[in-house]
Amino acid sequence: MDEPHRKDEHEQKAYAVMGYFLTPGELMRACEKLNAAGYKHFDAQTPFPVHGLERAMGLPPAKLPWVVLICGALGLLSATALTYYVSVDYPLTISGKPDFSYQAYIPVMFELTVLFAAFGTFFGVWAMNKLPMYSHPTMSHPSFPRATDDAFFITVEARDPKYHKVRTKGFLEELGAREVLEVME
Amino acid sequence: MTTAVMTEDTPGKRATLVLGHRDFHAVTETVAGIVEKKTTPSWVVLFSLAVSVLLVLLGSLGKLVADGIGIWGLNNTVFWAWDITGFVFWIGIGHAGTLISAILFLFRQKWRTSINRAAEAMTIFAVMAAGIYPVFHVGRVWFAYWLFPIPNQMSMWPNFKSPLLWDVFAISTYATVSVLFWYVGLVPDLATLRDRAKTKTRQIVLGIFALGWRGSHRNWLTYERAYLILAGLSTPLVLSVHTIVSFDFAVSIMPGWHTTIFPPYFVAGAIFSGFAMVVSLMVMARKAFGLEGLITIRHLENMNKIILVTGTMVGYAYAMEYFIAWYGGNEYEGFAFRNRAFGPYKWAYWTMWSCNVFSPQLFWFKRIRTSIPAMFVISIFVNIGMWFERFVIITTSLHRDFIPSSWTYFRPSLFDISTFLGSFGLFFTFFLLFLRFLPAVAISEVKGVMPAANPHAGHDDHDHDDHGAEASADSSDSGASHNDSANEDEEKANG
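Cut-offs and rules
- Residues numbered from 1 in each chain as written.
- Chains lettered and ligands numbered in written order.
- Predicted model: local features only at pLDDT ≥ 70, side-chain atom pairs only at ≥ 80, totals over all residues.
- Helix = DSSP H or I, 4+ residues; strand = E, 2+ residues; numbered from the N terminus.
- Rg over C-alpha atoms; globule rule 2.2 N^0.38 Å.
- Contact = placed C-beta atoms within 7 Å.
- Pairing = 2+ DSSP bridges.
- Axes fitted to C-alpha atoms, helices over the stretch in contact; angles between N-to-C directions.
- Nonpolar A, V, L, I, M, F, W, Y, C, P; charged D, E, K, R; others polar.
- Parallel < 35°, antiparallel > 145°, perpendicular 65-115°, else oblique.
- Left-handed = near helix turned anticlockwise from the far one by under 90°.
- Buried ≥ 20, exposed ≤ 12 C-beta atoms within 10 Å, placed from the backbone.
- Core = buried A, V, L, I, M, F, W, Y, C linked by C-beta atoms within 7 Å.
- Expected span 1.5 Å × (residues − 1).
- pLDDT = per-residue confidence, 0-100.
- Domains from an automatic or database assignment.

1. Examining the overall build of chain A
Reasoning step 1: Along the backbone of chain A there are 5 helices and 4 strands.
Reasoning step 2: For chain A, the α and β elements follow one another from N to C terminus as β-α-β-α-α-α-β-α-β.
Reasoning step 3: Here the C-alpha radius of gyration of chain A, 25 Å, is well above what a compact globule of 185 residues would show, namely 16 Å.
Reasoning step 4: Projected onto the principal axes, the alpha-carbon positions of chain A cover approximately 85 × 35 × 30 Å.
Reasoning step 5: Sequence separation of at least 24 residues holds for 81% of the intrachain contacts in chain A that already meet a minimum separation of 6.

What follows is the structure, encoded as structure tokens:
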């Protein structure tokens, strides 16, 4: 495949070398090979999560659950504080029961725990994925639209110590990747 | 290739989930095609119809705001009737969406993938339809925010010991979490639509909502974890919501309401009615949009099995309620139940039994379970029956209270009826907009359950260069072996 014709290519910094496969199996094998060859900063862009790829890529598990746990605990705390405050601020004495009859507040505590945890998950997942990010170098690959359709992209980033424009490109082509191109930042 | 023509489940051998789609691109084409092609005349007709019914709702609510809730048929004895019936009816319908998206996800039921998106949308619109009842029943709608604990100069708070306040928290949490869950699921598919967009406007609008999603595996990793967590949060949430809705009744001391069976009974009923609504909607949508290859007979049959199970559970609850009314020996409780079955509302009670308990029993027969017209009719019956269930519980318990001199017979006013019918307009207006402008099937999830998505499938025959030809050959030639391995996986997952 030819180099893309860019007028100012020499002025731009390379972001990565990118190519794609047509089956998840090939992508998986390529990731295993890259990992074995000592590459660290590479990523895959796929139309759906290819299970097991994180092992092939040597990625650690996501840290999101901790965010959710903290948010959930915060929700429970806020609910406790809210119900405590309203029952002391304006006590409703019913059958001589204590002002803070926590048994009656369990539904509110539960709902707020879930609500806060869900918000934590929602905002946490985008924050950890650095989204929204409306422009990304990988999107400049001419076939990138297929990454959300039927192509399984592999991106070896320039910041990887083992990155070499020609050798990395050759390595990906050897693995069977198509349209292997260098994309600019 | 016997698996390709098989569309139903037989023990030991499972039907493929995606029929007639050779590769991933074909799935994208089918689903995104619905959104991208020109508006069809039939959609316009249906949409105009839905909007007209929505106008009926807006008119009824306008009249209510102007004149007060006296325009409803309520009286001193029956202070709750069609309004709360409509509320519980719609909330219940919403629950199937959450069940499909969350509980079936946790149980690794892969067949949920082609129906979860539409079912989640149904949840959101059903909760919207439900929400109008409590908001407008306060009468002075401009004070509806009093439902929430907002600090005020008199130090007055809503009663936190009341199930009605718990309801406020439960329903608003449920609505919020459902929207978040739905949107998280939509993002990768919006990115697919963005990357296919032909016009600049489409690209920008879809681009904004797709958040710049690019399918990076590092992103997918966190995303899938988030999806799992949201499913884990939604599961107890959906159970809690209908439990709390049932507390509206069970925590009171009215005979016929004051029973401990209510929470599980209401949850089973909610799932039952929701699945019936999903079947009704999917039978129509798959036909109208050519989704037969994605929403197969296997999907429908599985839903019918759930309808059969939950319908039987509901029937058990009806019988058990009656048994306890007798066994408990409480005179008033006993009367409330005798009055339900043999009193002035016996027609409603037996409609409920026939629609909810007897009609789903036909699903024991495979012929009926897999027949589109039969399941459509039964699902409509179930929807009707579940409306009657709430009506029976609410009205028959109230209309003959402790003092015979205040006994009465509730008749809905014109505005009771128009408000309830109008709520269907609200629901269908939004549902049709959803079908037209958003991917009705979760594209990325469906691709993930296709046999070709298994990275270990057919590893050895990838050594020659012609990948394009092979990708299609994969699904037609060696499809059978792929299906088998996918089937085995699922068999394990299903335990």
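2. Remarks on the sheet that holds strand 1 (residues 14-21) of chain A
All names here are of chain A.
Reasoning step 1: In space, the 4 strands of this open sheet follow the order 2-3-1-4, with antiparallel pairing throughout. Two strands in the sheet have a free side with no partner beyond their single neighbour: strand 2 (42-45) and strand 4 (178-184). Averaged over all neighbouring strand pairs, the angle between strand axes comes to 20 degrees, with direction disregarded.
Reasoning step 2: Strand direction decides the pairing type here: strand 2 and strand 3 (residues 152-157), joined by 4 bridges, are antiparallel. Paired with Ala44 across the bridge in strand 3 is Ile154.

3. A word on the interface of chain A and chain B
Reasoning step 1: The partner chain B presents 61 residues to the 61 residues of chain A that form the contact.
Reasoning step 2: Of all the secondary structure elements, the ones that give two or more residues to the side of chain A that touches chain B are helix 1 (24-36), strand 2, helix 2 (53-57), helix 3 (64-89) and helix 4 (106-128) of chain A.
Reasoning step 3: Here the side of chain A that touches chain B is built from residues that sort into 41 nonpolar, 13 polar and 7 charged.

4. A short note on the packing of helix 5 (residues 116-137) of chain B against helix 9 (residues 262-288) of chain B
All names here are of chain B.
Reasoning step 1: Between helix 5 and helix 9, the shortest axis-to-axis distance is 11 Å and the interhelical angle comes to 125 degrees. If you check the angle between helix 5 and helix 9, you find them oblique. Relative to helix 9, the crossing made by helix 5 is right-handed. In this structure, helix 5 uses Ala118, Ala119 and Met122 to contact helix 9, whose residues at the interface are Met277, Val278, Leu281, Met282 and Ala285.

5. Looking at the environment of B:Ser371
Residue and element names in this part refer to chain B.
Reasoning step 1: One can find Ser371 in the loop between helix 13 (366-369) and helix 14 (372-399).
Reasoning step 2: Residue Ser371 is classed as partly exposed on the basis of its C-beta count, with 18 C-beta atoms lying within 10 Å.
Reasoning step 3: Expressed as a C-alpha distance, the spacing of Ser371 and Glu301, which sit 70 residues apart in the sequence, is 8.8 Å.

6. Observations concerning the nonpolar core
Reasoning step 1: Counting 157 residues, the largest nonpolar core has B:Met122, B:Phe275 and B:Val278 as its most contacted members.
Reasoning step 2: Among all residues touching B:Val278, those that are not within four sequence positions of it are B:Ala96, B:Ile115, B:Ala119, B:Met122 and B:Met303.
Reasoning step 3: Judged by nonpolar contacts, the second largest core, of 30 residues, contains A:Phe21, A:Leu27, A:Leu53 and A:Ile154.

7. A closer look at helix 1 of chain A
Residue and element names in this part refer to chain A.
Reasoning step 1: Taking 1.5 Å per residue, 13 residues should reach 18 Å; helix 1 reaches 18 Å between its end C-alpha atoms and fits that length.
Reasoning step 2: Those residues of helix 1 not exposed but buried are Pro24, Gly25, Glu26, Leu27, Met28, Ala30, Cys31 and Leu34.
Reasoning step 3: Summarising the contacts, the buried residues of helix 1 are in contact with strand 1, strand 2, helix 2 and strand 3.

8. Some thoughts on the confidence of the model for chain B
All names here are of chain B.
Reasoning step 1: Per-residue confidence for chain B gives a mean pLDDT of 86; residues scoring 70 or more make up 89%.
Reasoning step 2: Note that residues 1-5 has pLDDT below 50 and, in this model, 8 contacts with residues that lie over four places away or in other chains.
Reasoning step 3: Within the model, the stretch residues 459-495 combines pLDDT values under 50 with 40 contacts to residues more than four positions away or in other chains.
Reasoning step 4: The ipTM assigned to the predicted complex is 0.89, against a pTM of 0.87.

9. Regarding the domain arrangement of chain A
Reasoning step 1: Along its sequence, chain A is organised into domain 1 (12-47 + 150-184) and domain 2 (64-128).
Reasoning step 2: For domain 1 of chain A versus domain 2 of chain A, the separation of C-alpha centres amounts to 47 Å.

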